[in-house]
Amino acid sequence: MSSTVTIRFDLNGRERVLDTAPDRRVLDLLREDLGLTGTKEGCGSGECGACTILVDGESRLACLMLAAQLQGTQVTTVEGLELFSEGRAIQHAFVREGAVQCGFCTPGMELATLALLRREPRPTRERIREGLSGNLCRCTGYVKIVDAVERAATDIGGGERE
Amino acid sequence: MTTTEKVHELILKARKGQLSPEKIKPEADLLNDLGFDSLARMELLVLTEDAFGLTISKEDAVAARTVGQMIAYLESHKKA
């Protein structure tokens, strides 16, 4: 039987204190222990980006993080995206541009987009492709996703679309 | 078609056949009662914008939590 540790972190604006095995994957902690199933498991080995979350504002893969690494952090999952005006703009842009097909990659794509646009508010299409290169989509061919990120960048910045 | 009828139709469309029409009541909360998640709510926002010819701020969309609040917003903002 493995020992447990107590971890304290902020999850989508709410403090959480959990007793958990320190080597439990964050992905399992979110989905199974906390019931936040918006974070998806794709490959489970850090290749596909479906499980992307934000930890202290940086995009991280929940399948490659261990529970103990969350101690003292601020975590955002797709369930918390609408807490941010940028998050709402990103979701709106994904729907408006038809960037969601099966939807499996969408939570990870949207969180990676939030991290990208905070780093780089007006990225070129090339930079968007680079910024989302860790997130795979098997449906869309990416054009609509890049369109959505461009729209979100414009909406968040309050500028005109070209 | 009245605003209420139109809103009911849009809610059913956004939930893609996963909702019984009788559950749509003025006091029904989109998230807690009708099974919307944040993305489905954005889909409803886009459908509503297109159906009513409006641009609705995401903040207003999030503030309208119930069917009744959504109808009241549209009644006060729809084009004559």
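Residues numbered from 1 in each chain as written. Chains lettered and ligands numbered in written order. Predicted model: local features only at pLDDT ≥ 70, side-chain atom pairs only at ≥ 80, totals over all residues. Heavy atoms only, no water.

S.K.: An account of the overall build of chain B is requested, with residue identities and associated values reported.
M.R.: Broken down by element type, chain B carries four helices and zero strands. Secondary structure of chain B in N-to-C order comes out as α-α-α-α. The C-alpha atoms of chain B give a radius of gyration of 11 Å, which matches the 12 Å a tight globule of 80 residues would have. Counting only C-alpha atoms, chain B reaches 30 × 25 × 20 Å along its principal axes. Relative to its 80 residues, chain B shows a buried fraction of 45%. Sequence-distant contacts in chain B: of pairs separated by 6 or more residues, those separated by 24 or more amount to 56%. Here chain B holds 11 positive side-chain charges and 13 negative ones, and the gap between their average locations is 2 Å. (Helix = DSSP H or I, 4+ residues; strand = E, 2+ residues; numbered from the N terminus. Rg over C-alpha atoms; globule rule 2.2 N^0.38 Å. Buried < 20%, exposed > 50% of the residue type's maximum accessible area, 1.4 Å probe, protein only. Contact = heavy atoms within 4.5 Å. Lys, Arg positive; Asp, Glu negative; His and termini not counted. Charge placed at Lys NZ, Arg CZ, Asp CG, Glu CD.)

S.K.: Account for the pattern of salt bridges, with residues named and values stated.
M.R.: The tally for this structure, following the rule as stated, stands at 17 salt bridges over all chains. Residue Arg88 of chain A is joined to Glu59 of chain B by a salt bridge in which the shortest nitrogen-to-oxygen separation is 2.8 Å. You can see Arg88 of chain A sitting in helix H2 (residues 85-96) and its partner Glu59 of chain B sitting in helix H3 (residues 58-63), one on each of two chains. You can call Arg88 of chain A buried: its relative accessible area is 11%. Here Arg65 of chain B and Asp29 of chain B are joined by a salt bridge, their closest N and O atoms 3.4 Å apart. (Salt bridge = Lys/Arg side-chain N within 4 Å of Asp/Glu carboxyl O.)

S.K.: I'd like to hear about helix H2 (residues 38-52) of chain B, residue by residue, with values.
M.R.: In this model, H2 of chain B (15 residues) spans 21 Å end to end at C-alpha, consistent with the 21 Å of a helix rising 1.5 Å per residue. Counting buried positions over the 15 residues of H2 of chain B gives twelve, a clear majority of the element. By the burial criterion, the buried members of H2 of chain B are Ser38, Leu39, Ala40, Arg41, Met42, Glu43, Leu44, Leu45, Val46, Thr48, Glu49 and Phe52 of chain B. Considering only its buried residues, H2 of chain B is in contact with H2 and helix H3 (106-119) of chain A together with helix H1 (3-14), H3 and helix H4 (67-77) of chain B. At the exit of H2 of chain B stands Gly53 of chain B, carrying a positive phi of roughly 65°. (Expected span 1.5 Å × (residues − 1).)

S.K.: Describe the sheet that holds strand E2 (residues 14-20) of chain A, listing the residues and the values that go with them.
M.R.: Residue and element names in this part refer to chain A. The five strands lie next to each other as E2-E1-E5-E3-E4, forming an open sheet whose pairing is mixed. Looking at the sheet topology across the chains shown, the edges are occupied by E2 and strand E4 (58-61). With strand direction ignored, the average angle separating the axes of adjacent strands in the sheet is 40°. By the bridge criterion, seven bridges tie strand E1 (residues 5-11) to E2 in an arrangement that is antiparallel. Considered in E2, the bridge of Phe9 is made with Arg16. (Pairing = 2+ DSSP bridges. Axes fitted to C-alpha atoms, helices over the stretch in contact; angles between N-to-C directions.)

S.K.: So, the nonpolar core: which residues are in play, and what are the values?
M.R.: Counting 26 residues, the largest nonpolar core has Val7, Ile11, Leu34, Phe36, Leu44, Val67 and Leu74 of chain B as the members making the most contacts within it. For this core, the elements supplying multiple residues, two or more each, are H1, H2 and H4 of chain B. Counting residues per element, this core draws most heavily on H2 of chain B, at seven residues. With near-sequence residues (within four places) excluded, Ile11 of chain B lies in contact with Leu19, Ile24, Leu30, Leu34, Phe36, Leu44 and Val67 of chain B. Core analysis: the next-biggest nonpolar cluster, separate from the first, contains 24 residues, Val78, Ile90, Leu116 and Leu117 of chain A among them. (Core = buried A, V, L, I, M, F, W, Y, C linked by side-chain atoms within 4.5 Å.)

S.K.: Can you break down the confidence of the model for chain B residue by residue, with the values?
M.R.: Here chain B shows a mean pLDDT of 92. Residues at 70 or above account for 99%. Overall fold confidence (pTM) sits at 0.89, and the ipTM for the predicted complex is 0.80. (pLDDT = per-residue confidence, 0-100.)

S.K.: Before we move on, could you go through the interface of chain B and chain A and cite the residues and values that matter?
M.R.: Contact residues are listed per partner, giving 13 residues for chain B and 13 residues for chain A. For the pair chain B and chain A, the summed buried area comes to about 1,100 Å², and 60% of that belongs to carbon and sulfur atoms. Run the count over chain B and chain A and you get four salt bridges. In this structure, Glu49 of chain B and Arg96 of chain A form a salt bridge, with 2.7 Å as the shortest nitrogen-oxygen distance. Where chain B packs against chain A, one counts six residue pairs in polar contact (both at pLDDT 80 or more). Secondary structure elements with two or more residues in the side of chain B that touches chain A: H2 and H3 of chain B. Residues of the side of chain B that touches chain A, tallied by class, amount to six nonpolar, one polar and six charged. (Buried area = accessible area lost by both parts, 1.4 Å probe. Polar contact = N/O pair within 3.5 Å; in protein donor to acceptor, adjacent residues only side chain to side chain. Nonpolar A, V, L, I, M, F, W, Y, C, P; charged D, E, K, R; others polar.)

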